[in-house]
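Chains, contacts and geometry: an overview
Spelled out, the chains give:
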Amino acid sequence: MASSLLYFSAPFRTLPSPPPLPEPPRIPLYVSRFPHPLTHKSLAFSTGFRAAPGSRRFCLRPKASMAGKGNGKVEVFDSEEDLSVSLAKYTADLADKFSKEKGSFTVVLSGGSLIKSLRKLVEPPYVDAVDWSTWHVFWVDERVVPKDHDDSNYKLAFDGFLSKVPILPGKVYAINDALPAEGAADDYETCLKHLVKSNVISVSAATGFPKFDLMLLGMGPDGHVASLFPGHPLVKENEKWVTFIKDSPKPPPERITFTFPVINSSANIALVVCGAGKAGPVHAALGSGQSSDLLPVQMVSPEGELVWFLDKDAASKL
Ligand SMILES: O=C(O)[C@H](O)[C@@H](O)[C@H](O)[C@H](O)COP(=O)(O)O
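Description of the structure in this document. Being a predicted model, the structure only gives us computed values, none of them experimental.

1. Examining the site of the ligand
Around the ligand, 15 residues are found, and the nearest of them are Ser113, Asp141, His224, Ala226 and Lys278. In the model, an oxygen atom of the ligand is placed 2.6 Å from a nitrogen or oxygen of the Ala226 main chain. Relative to its free-state accessible area of 420 Å², the ligand is covered by the protein chains to the extent of 90%. Looking at the shell around the ligand residue by residue, the class counts come to 2 nonpolar, 8 polar and 5 charged.

2. Notes on the pairing of strand β11 (residues 268-273)
Most of β11 is tucked away, with 6 of its 6 residues classed as buried. Side chains of β11 alternate between two faces, with Asn268, Ala270 and Val272 and Ile269, Leu271 and Val273 buried alike. Bridge count for strand β8 (residues 214-217) against β11 is 3 bridges, and the pairing is parallel. Paired with Leu216 across the two strands is Ala270, which belongs to β11. Of the strand pairs in this sheet, β11 and strand β12 (residues 305-311) are connected by 6 bridges, and their pairing is parallel. Along β12, the bridge assignment pairs Ile269 with Leu306.

3. Some thoughts on the pairing of β12
Sheet faces and side chains relate simply in a regular strand, where the side chains alternate between the two faces. Taking burial as the measure, the 7 residues of β12 include 6 buried ones, the bulk of the element. Across 5 bridges, strand β2 (residues 73-77) lies against β12 in parallel orientation. Its bridge partner being in β12, Val74 is matched across the sheet by Trp308. A crossover links β11 with its parallel partner β12, the connecting element being helix α7 (residues 279-286), and its sense is right-handed.

4. Here we look at the sheet that holds strand β5 (residues 141-143)
As summarised here, the arrangement of the 3 strands in space is β5-β10-β9, forming an open sheet in which the pairing is antiparallel. The open sheet has two edge strands with one neighbour each: β5 and β9 (242-245). The sheet shows a mean angle of 20° between the axes of neighbouring strands, taken without regard to direction.

5. Points about the nonpolar core
Core analysis: the largest hydrophobic core is formed by 88 residues, its most contacted members being Trp135, Phe161 and Phe258. A per-element tally of this core places helix α1 (residues 80-102) first, with 8 residues. The contact partners of Phe258, leaving out residues within four places of it in the chain, are Val108, Trp139, Val140, Tyr188, Leu192, Phe212, Met215, Leu228, Trp241, Val242 and Ile263.

6. Quick word on the packing of aromatic side chains
All chains considered together, the criterion is met by 13 aromatic pairs. For Lys97, the ring lying beneath its charged end belongs to Phe98, and the centroid distance is 4.1 Å. Above the ring of Trp241, the side-chain terminus of Lys193 is found at 4.9 Å from the ring centroid.

7. Remarks on the pattern of salt bridges
Scanning the model with the defined rule gives 15 salt bridges in all. When the shortest N-O distance is used, the salt bridge between Glu101 and Lys97 registers 3.5 Å. Placement of both Glu101 and Lys97 in helix α1 is noted, with a separation of 4 residues, approximately one turn of the helix. When the shortest N-O distance is used, the salt bridge between Lys155 and Asp150 registers 3.7 Å. Here the salt bridges share partners, and the residues they tie into one network are Glu80, Glu81, Arg119, Lys120 and Glu123.

8. Some points on the environment of Asp150
Position of Asp150 among the secondary structure elements: in the loop between β5 and α4 (153-160). Look at Asp150 and you get exposed, because its relative accessible area is 67%. As a C-alpha pair, Asp150 and Phe138 span 12 residues in sequence and 19 Å in three-dimensional space.

Reading guide: rules and limits
- Residues numbered from 1 in each chain as written.
- Predicted model: local features only at pLDDT ≥ 70, side-chain atom pairs only at ≥ 80, totals over all residues.
- Heavy atoms only, no water.
- Near = heavy atom within 4 Å.
- Polar contact = N/O pair within 3.5 Å; in protein donor to acceptor, adjacent residues only side chain to side chain.
- Areas by Shrake-Rupley, 256 points an atom, 1.4 Å probe, with all protein chains shown as cover.
- Nonpolar A, V, L, I, M, F, W, Y, C, P; charged D, E, K, R; others polar.
- Buried < 20%, exposed > 50% of the residue type's maximum accessible area, 1.4 Å probe, protein only.
- Helix = DSSP H or I, 4+ residues; strand = E, 2+ residues; numbered from the N terminus.
- Pairing = 2+ DSSP bridges.
- Right-handed = clockwise from strand over helix to strand, strands pointing away.
- Axes fitted to C-alpha atoms, helices over the stretch in contact; angles between N-to-C directions.
- Core = buried A, V, L, I, M, F, W, Y, C linked by side-chain atoms within 4.5 Å.
- Contact = heavy atoms within 4.5 Å.
- Phe/Tyr/Trp six-rings, centres within 6.5 Å; stacked < 30°, edge-to-face > 60°.
- Lys NZ or Arg CZ within 6 Å of the ring centre and 35° of its normal.
- Salt bridge = Lys/Arg side-chain N within 4 Å of Asp/Glu carboxyl O.

Written out as structure tokens, the structure reads:
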């Protein structure tokens, strides 16, 4: 397992007692409902997708009877800037909740634009208010490249996030970049199994798969999440925790990735999606149409809570 742990020189400092997290600005919420495509329930928007003039976001929720597995909450923001403010508060609040409940917070990162959207978390007030000592950081997928390569999700996260906060170095679980794809996937799964045994990672009572406190997922314009691509057999993997791909349609071709059983055992998932180029798969997942061929993003259905963070361009087809 040791080979899976990456030690980096993040500045560590003793934190003063954190001030209470700030309340977000009061924003009018427009509440509606949506079905998850896996539930095949009828679409019933109660208020439509109209935001009040001047409001920065609106929110769609499933009605109480539809709440639970397969449903989620959708928040739409006027801009990626507004989205990043809300994403920081959401992440900090969950970190606070889990840290108080069990003394640790297990969070899973993606690559891509997600890291940029986390930028408010490394700014005041969160950078000082969050208790970073409880954080354990994982990757939902990683490219099989050296950690200092420009394609590395570890490097992306280190440069944009991890190097700016005092997360304990031994709690950042990067892949072993000395191994080929298959070995790196096995090694990462072994690392997760050790952390489950030592009670760092919880286990889903329902599935027996690891249950992370929070997964922060991006989505590609083709509807992929993690490195699980439309039409690829890996989307059906239901035994392994971590697997590998050597023919990723998004470069680089060699990657390792969490499987859907692990993703869907999560206590919380945030799907963070920006840009008009992603409006199609967002519509496929949240709009009224039904299709027999589900995109990977439509297969995201956690045991716990799912929250979509969309900018208005990504939500433009809803
Ligand atoms: O390593 C990766 O490629 C990612 O983890 C991948 O799943 C990413 O999250 C999406 O492709 C969205 O990326 P963008 O937000 O940059 O479009």
